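# Survey of secondary and tertiary structure
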Amino acid sequence: MRSETDTDSDTDSEIGTETGTEAGTRTETGTGSGPATGGQSAPAMTVDRGRFGHAVTPWEQPDWREAALGWAERGLARHGLRETGPREARVRPWSVLVRFRTGTADRDAVWFKASAPAAGFEAALGGALADWVPEHVMAPLAVDPERGWCLLPDGGPLFRGVLDRGDAGLGDWLAAVGQYARMQRALTPYADRMTELGVPSARTRHLPEIFDGLVGTNPTLAPEARDSLRARRPLLLDWCAELDAIGVPDSLDHCDLHDGQVLAPGDGRFTFFDWGDAAVAHPFASLLVPARDVRERYGAEAVTAVRDAYLEPWTDLGVPFAELRRAATLAVRLAALSRAVSWFRLFPGTPAADCHEASAYWVEELFAAPDLL
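Here the structure is a predicted model, which means the values were calculated and not measured.

## Some points on the sheet that holds strand E8 (residues 201-202)
- Spatial ordering of the open sheet is given by E8-E12-E9, a layout of 3 strands whose pairing is mixed. Looking at strand neighbours, the two that pair on one side only are E8 and strand E9 (251-253), the edges of this open sheet.
- Relative to strand E12 (residues 279-281), E9 runs antiparallel, the two sharing 3 bridges. Looking across to E12, one finds that Asp253 is bridged to Ala279.

## Quick notes on helix H8 (residues 233-246)
- End to end, H8 covers 21 Å across 14 residues, agreeing with the expected 20 Å (1.5 Å per residue, within 8%).
- Taken together, the buried positions of H8 are occupied by Leu236, Trp239, Cys240, Leu243 and Ile246. End-on, the buried residues of H8 take up no more than an arc of 120 degrees, which puts them together on one face. Exposed residues pointing more than 90 degrees away from the buried face of H8 are listed as Asp238 and Ala245.
- Buried residues along H8 sit against helix H6 (207-217), helix H11 (321-342) and helix H12 (353-368).
- Gly247 occupies a position one or two residues after H8 and carries a positive phi of about 90 degrees.

## Description of H11
- For H11, spanning 22 residues, the distance from its first C-alpha to its last is 30 Å, which sits close to the expected 32 Å at 1.5 Å a residue.
- Along its length, H11 shows its largest kink, about 25 degrees, at Arg333.
- Across the 22 residues of H11, 16 count as buried, placing the element largely inside the fold.

## What to know about the side chain of His254
- In this fold, His254 is placed in the loop between E9 and strand E10 (262-266).
- Using a relative accessible area of 0% as the deciding quantity, one classes His254 as buried.
- Engagement of the side chain of His254 in a polar contact is seen with the backbone oxygen of Phe273, the distance being 2.8 Å.
- Polar side-chain contacts of His254 include one of 2.9 Å to the backbone oxygen of Asp274.
- If we ignore the near neighbours within four places in the chain, the residues touching His254 are Tyr180, Gln261, Phe273, Asp274, Trp275, Asp277, Ala278 and Ser286.

## A closer look at the pattern of salt bridges
- Counting across every chain of the model gives 23 salt bridges.
- In this structure, the salt-bridge partner of Arg307 is Asp308, at a minimum N-O distance of 3.0 Å.
- Residues joined in a network through salt bridges with shared partners are Arg160, Asp164, Asp259 and Arg297.

## A look at the packing of aromatic side chains
- Applying the stated rule across the entire model yields 15 aromatic pairs.
- Plain terms: the ring middles of Phe159 and Trp173 are 5.2 Å apart, the flat faces sit at 70 degrees to each other, and that makes the pair edge-to-face. Taken together, the residues span a long stretch of sequence, with Phe159 in helix H3 (residues 159-164) and Trp173 in helix H4 (residues 170-187) at a distance of 14 residues. Each of the two residues, Phe159 as well as Trp173, counts as buried.
- For the ring pair Phe159 and Phe270, a centre distance of 5.2 Å and an interplane angle of 70 degrees mean the geometry is edge-to-face. Of this pair, Phe159 sits in helix H3 while Phe270 sits in strand E11 (residues 269-272); the two residues are 111 residues apart in sequence, bridging distant segments of the chain.
- Residue classification places Phe159 among the buried residues on the basis of a relative accessible area of 1%.
- The class of Phe270 is buried, set by a relative accessible area of 4%.
- Ring pairs connect the aromatic residues Trp64, Trp71, Phe112 and Trp149, which therefore count as one cluster.
- Across from the ring centre of Trp59, 5.6 Å away, lies the NZ or CZ of Arg65, which sits over that ring.

## Describing the layout of surface pockets
- For the second largest pocket, the calculated volume is near 200 Å³.
- In terms of lining residues, the second largest pocket is bounded by 14 residues, among which Leu288, Glu365, Ala369, Pro370 and Leu372 are the most central.
- Looking at the lining of the second largest pocket, the elements with two or more residues in it are helix H9 (288-298), H11 and H12.
- In terms of residue class, the lining of the second largest pocket is built from 8 nonpolar, 1 polar and 5 charged.

## Digging into the packing of H6 against helix H7 (residues 223-231)
- It is the contact of H6 with H7, at a shortest axis distance of 10 Å, that shows an interaxial angle of 165 degrees. Classified by the interaxial angle, the pair formed by H6 and H7 is roughly antiparallel. In terms of crossing hand, the pair formed by H6 and H7 is left-handed. Contacts between H6 and H7 involve Phe211, Val215, Gly216 and Thr217 from the first element and Arg226, Leu229 and Arg230 from the second.
- Class assignment for the residues of the contact of H6 with H7 results in 3 nonpolar, 2 polar and 2 charged.

So, how was this worked out
Residues numbered from 1 in each chain as written. Predicted model: local features only at pLDDT ≥ 70, side-chain atom pairs only at ≥ 80, totals over all residues. Heavy atoms only, no water. Pairing = 2+ DSSP bridges. Helix = DSSP H or I, 4+ residues; strand = E, 2+ residues; numbered from the N terminus. Expected span 1.5 Å × (residues − 1). Buried < 20%, exposed > 50% of the residue type's maximum accessible area, 1.4 Å probe, protein only. Arc of directions from axis to C-beta. Contact = heavy atoms within 4.5 Å. Bend = angle between axes of the 7 residues up to and from the residue. Polar contact = N/O pair within 3.5 Å; in protein donor to acceptor, adjacent residues only side chain to side chain. Salt bridge = Lys/Arg side-chain N within 4 Å of Asp/Glu carboxyl O. Phe/Tyr/Trp six-rings, centres within 6.5 Å; stacked < 30°, edge-to-face > 60°. Lys NZ or Arg CZ within 6 Å of the ring centre and 35° of its normal. 1 Å grid on protein atoms, 1.4 Å probe; cavity = no way out; pocket = protein on both sides within 12 Å on 5 of 7 lines; lining within 4 Å. Points joined across faces, edges and corners; volume = space filled by probe spheres on them. Nonpolar A, V, L, I, M, F, W, Y, C, P; charged D, E, K, R; others polar. Axes fitted to C-alpha atoms, helices over the stretch in contact; angles between N-to-C directions. Parallel < 35°, antiparallel > 145°, perpendicular 65-115°, else oblique. Left-handed = near helix turned anticlockwise from the far one by under 90°.

Rendered as structure tokens:
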């Protein structure tokens, strides 16, 4: 289960060159699907469960594991790739990742990803994004949309690592959010197509219904907290109506765009990945997570610069900039509901107590938090 303090080793942010091990890692042999690429025996594999040894995933099912690894092996073979070292599996409540080494350099790797059923749309979405906005995303080597599987190339270094080394700074964050906004702008004609692919809706008009479901079903909310939230529902309706009236079209919201979900392959270009928390929503909701990241790293005064760099690609709508800023304030506040929902995109059977607590936190943030922008 993800939290605001999770690091790369406990999220899906590993489709880059940074790798590592931690408690919960062990080496397995004989867990492959039989002969590996080229007729050789399947390589040894390290399996990292991180903090989630309790998670219930299909990885524990030999038939599933054999099918998944076999599918990945065939994908490698179709691209003329051969394995050159041990495999690295990362098993989480929301996904299974396997890194296949295909050479001697750090970036000589291919990643298999299986998403939990509630995020199974990610495979099909990734393939579609590679067609619609190829300059902003990774092109999958293979996709199985029915099973929620994809095979991805290594995308380069994580933006987080580049920032931590001091090789990038606030100006690079401004460039990244500006590029991300241009991608969202290009995706607005595809909003309905994304819904057809199974991407959940967090459109502004659907947020009151989402709110009602979250408040009504979360067992960790005390009765008085539930009553307090319901009493403030009219304010939610007012915010939604005001945001809709500004007239920004819906697009794709990543919902978790922190610096570990962005790759920085070089030349001022960024690649956005890991769409398992995504929704079709007001695009400005995407500012919630990067604004919090920037505030933590650079201070509150940097948040305004990030907001304005993000908003610039939207000025062609003809909406006054002051209204775009107001829309950003509203959308970022309402984004708490998408964050609350995303915590439940887990493999069936995984204990969800932590998720209920995290979801309740975000529902209460909807009204309790001061405006971030």
